[in-house]
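Here is what each chain is made of, one letter per residue.
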Amino acid sequence: MNFVIERGVLTKFRPALFQKEVIVPENVIFIGDKAFKGCTHLKKVVLPKNLIGISNYAFSGCESLEEINIPKCTNSIGSFAFQGCSSLKTIEILGNTGICANAFEASGLQCLKLSEHATFFGGRPMVSCSDLDAVFYAGDNGKVFEINRETLDNAHLKWWEV
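Conventions and cut-offs
- Counting from 1, residues in each chain are numbered in the order their sequence is written.
- Since the coordinates come from a predicted model, pLDDT governs what is reported: local features require at least 70, and pairs of side-chain atoms require 80 or more to be given and counted, while whole-chain, interface and lining totals use all residues.
- The side-chain figures draw on all heavy atoms in the structure; neither hydrogens nor water molecules are used.
- Helix and strand definitions here come from DSSP, where helices need a minimum of 4 consecutive H or I residues and strands a minimum of 2 consecutive E residues; each element is numbered from the N-terminal end.
- For the exposure calls, accessible area comes from a 1.4 Å probe over protein chains only, and a residue counts as buried if that area is under 20% of its type's maximum, exposed if over 50%, partly exposed in between.
- By definition in these notes, contact holds between two residues if any of their heavy atoms fall within 4.5 Å.
- By definition, a salt bridge exists where a carboxyl oxygen of Asp or Glu is found within 4 Å of a side-chain nitrogen of Lys or Arg.
- A pair of strands is considered paired only if DSSP assigns at least 2 bridges between the two.

S.K.: How do you make sense of the side chain of serine 60 when you look at a structure like this?
M.R.: Here serine 60 is to be found in the loop between strand 6 (53–54) and strand 7 (67–68). Overall, serine 60 belongs to the buried group, its relative accessible area being 5%. The contacts of serine 60, once residues within four sequence positions are left out, are Lys37, Gly38, Phe80, Ala81 and Gln83.

Shown next, in the form of structure tokens:
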């Protein structure tokens, strides 16, 4: 199998040559440090619906990654988790998720959709995301707010800093 899983933690993924898509097994509840780091051919990752967390550098350097689902029950996204994922254009974080510093550093994000319960730790989660045009934040009572490019200040979002 392509996965190394220890007590529910996916510690390493070993892709087949030029593998483009992967479905993470349902028994995985946490993606460990650097588990997918450098999987340059992966375009799509399907995470299990009961995933609790994504650790530091988990998908760092996955430059072809275009699509990934963040399950609603995921409560943490680690530092540099999606660093350098230059093909990742849109991501939805719909749960009560804590997002650490530099989580999306130098990624290709153009649009970020957040729930009202998403929180940021350590500031600047989207540093060097020069393509980021909009952040949609689902506020109280389901009202959606858009934070446009002019407000983003080159994705350094000072008001998110702790």
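S.K.: Got a minute to help me understand the pattern of salt bridges in this structure?
M.R.: Side-chain pairs of opposite charge can arise where the charged atoms are in close proximity. For the structure shown, the criterion picks out three salt bridges. With its nearest N and O atoms 3.9 Å apart, the salt bridge here joins lysine 44 to glutamate 67. Separated by 23 residues along the polypeptide, lysine 44 in strand 5 (residues 44–46) and glutamate 67 in strand 7 bring together distant segments of the chain. Residue class for lysine 44 comes out partly exposed when judged on its relative accessible area of 26%. Glutamate 92 is the partner of lysine 113 in a salt bridge, and the nearest nitrogen-oxygen pair spans 3.9 Å. A residue pair is termed long-range when its members are at least 10 positions apart, and lysine 113 in strand 11 (residues 111–114) and glutamate 92 in strand 9 (residues 90–93) qualify at 21 residues.

S.K.: How should I be thinking about the sheet that holds strand 8 (residues 76–77) in this particular structure?
M.R.: Paired through their backbone hydrogen bonds, the strands of a sheet run either parallel or antiparallel. Spatial strand order, 1-2-4-6-8-10-12: seven strands in an open sheet with mixed pairing. A single partner strand is all that each edge strand has here, and the edge strands are strand 1 (3–6) and strand 12 (119–121). Where strand 4 (residues 30–31) lies against strand 6, two bridges are found, and the strand directions are parallel. Within the sheet, the bridge partner assigned to phenylalanine 30 lies in strand 6 and is glycine 53.

Note that all results are geometric; they support no functional claim without further evidence.
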